[in-house]
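Observations on the three-dimensional arrangement
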Amino acid sequence: QVQLVESGGGLVQPGGSLRLSCGASGRTFASYAMGWFRQAPGKEREFVARISRRGGYTYYADSVKGRCTISRDNAKNTVYLQMNSLKPEDMAVYYCAAPLQRNVVPGTGPYEYSYWGQGTQVTVSS
């Protein structure tokens, strides 16, 4: 069982930056690849980024590539999402997620992840 808690969301102007954090419970955090997703009102939850267990491999949605960086600190049981050059279309609730099984590489579909945090709101507005 993995419990996830996101933080770091807020109101930012277009072009601004935010760093989201996701803290995980348990001593097996380093065994899980982790993902970030987002969901805007009236839209489906969509993939943002994924990071491998040790952080050596990352993968991004085209919509955020070059503007976002996913990273993790396994000693702190935390995964991060640094978001730069934010746009109004980035406004959404952001979720971190982990797959059901350890030592697997999930894809980009929300159904491939079983553990979710409560989400943190990102608002991009002037």
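Being a predicted model, the structure only gives us computed values, none of them experimental.

Moving on, we get to the sheet that holds strand S1 (residues 4-7). Taken together, four strands build an open sheet; the order of strands is S1-S3-S8-S7 and the sheet is antiparallel. The sheet terminates laterally at S1 and strand S7 (68-73), the two strands that pair on one side only. Taking the axes of each pair of neighbouring strands and ignoring which way they run, one obtains an average angle of 15 degrees across the sheet. Note that S7 and strand S8 (residues 78-83) share six bridges and pair antiparallel. Following the sheet pairing, Asp73 is matched in S8 by Thr78.

This part is about the pattern of salt bridges. Applying the stated criterion to the full structure yields four salt bridges. Asp62 serves as the salt-bridge partner of Lys65, at 3.1 Å between the closest nitrogen and oxygen. Judged by relative accessible area, which is 68%, Asp62 ranks as exposed. When salt bridges that share partners are traced, they join Arg38, Glu46, Arg67 and Asp90 into one network.

For the rest of this paragraph, the subject is the environment of Asp62. Take Asp62: it is sitting in the loop between strand S6 (58-60) and S7. Linking Asp62 and Ala24, residues 38 residues apart in sequence, is a C-alpha distance of 27 Å. In terms of polar contacts, Asp62 uses its side chain to reach the side chain of Lys65, at 3.1 Å.

Another aspect to go through is the environment of Ser125. Position of Ser125 relative to the elements: it lies in the segment after strand S11 (120-124). Judged by its relative accessible area of 37%, Ser125 falls in the partly exposed class. Not counting residues up to four positions away in its chain, the partners in contact with Ser125 are Leu11, Val12, Gln13 and Pro14.

The next thing to look at is the side chain of Arg67. Structurally, the position occupied by Arg67 is in the loop between S6 and S7. At 2.9 Å, the side chain of Arg67 forms a polar contact with the backbone oxygen of Ser63. Only 3.0 Å separates the side chain of Arg67 from the backbone oxygen of Ser85, close enough to count as a polar contact. The contact partners of Arg67, leaving out residues within four places of it in the chain, are Gln82, Met83, Asn84, Ser85, Leu86, Lys87 and Asp90.

Now for the state of the cysteines. Within the structure shown, the criterion is met by one disulfide. Residue pairing for Cys22: its cysteine sulfur links by disulfide to Cys96, the two sulfurs lying 1.9 Å apart. One quick way to see it: the torsion about the S-S bond of Cys22 and Cys96 is about 50 degrees, and its sign makes the bridge right-handed. Residue Cys22 is found in strand S3 (residues 18-24), and its partner Cys96 is found in strand S9 (residues 92-98); the two are separated by 74 residues along the sequence. Given a relative accessible area of 0%, Cys22 falls into the buried group. Look at Cys96 and you get buried, because its relative accessible area is 0%.

Basis of the calculations
Residues numbered from 1 in each chain as written. Predicted model: local features only at pLDDT ≥ 70, side-chain atom pairs only at ≥ 80, totals over all residues. Heavy atoms only, no water. Pairing = 2+ DSSP bridges. Helix = DSSP H or I, 4+ residues; strand = E, 2+ residues; numbered from the N terminus. Axes fitted to C-alpha atoms, helices over the stretch in contact; angles between N-to-C directions. Salt bridge = Lys/Arg side-chain N within 4 Å of Asp/Glu carboxyl O. Buried < 20%, exposed > 50% of the residue type's maximum accessible area, 1.4 Å probe, protein only. Polar contact = N/O pair within 3.5 Å; in protein donor to acceptor, adjacent residues only side chain to side chain. Contact = heavy atoms within 4.5 Å. Disulfide = S-S within 2.5 Å.

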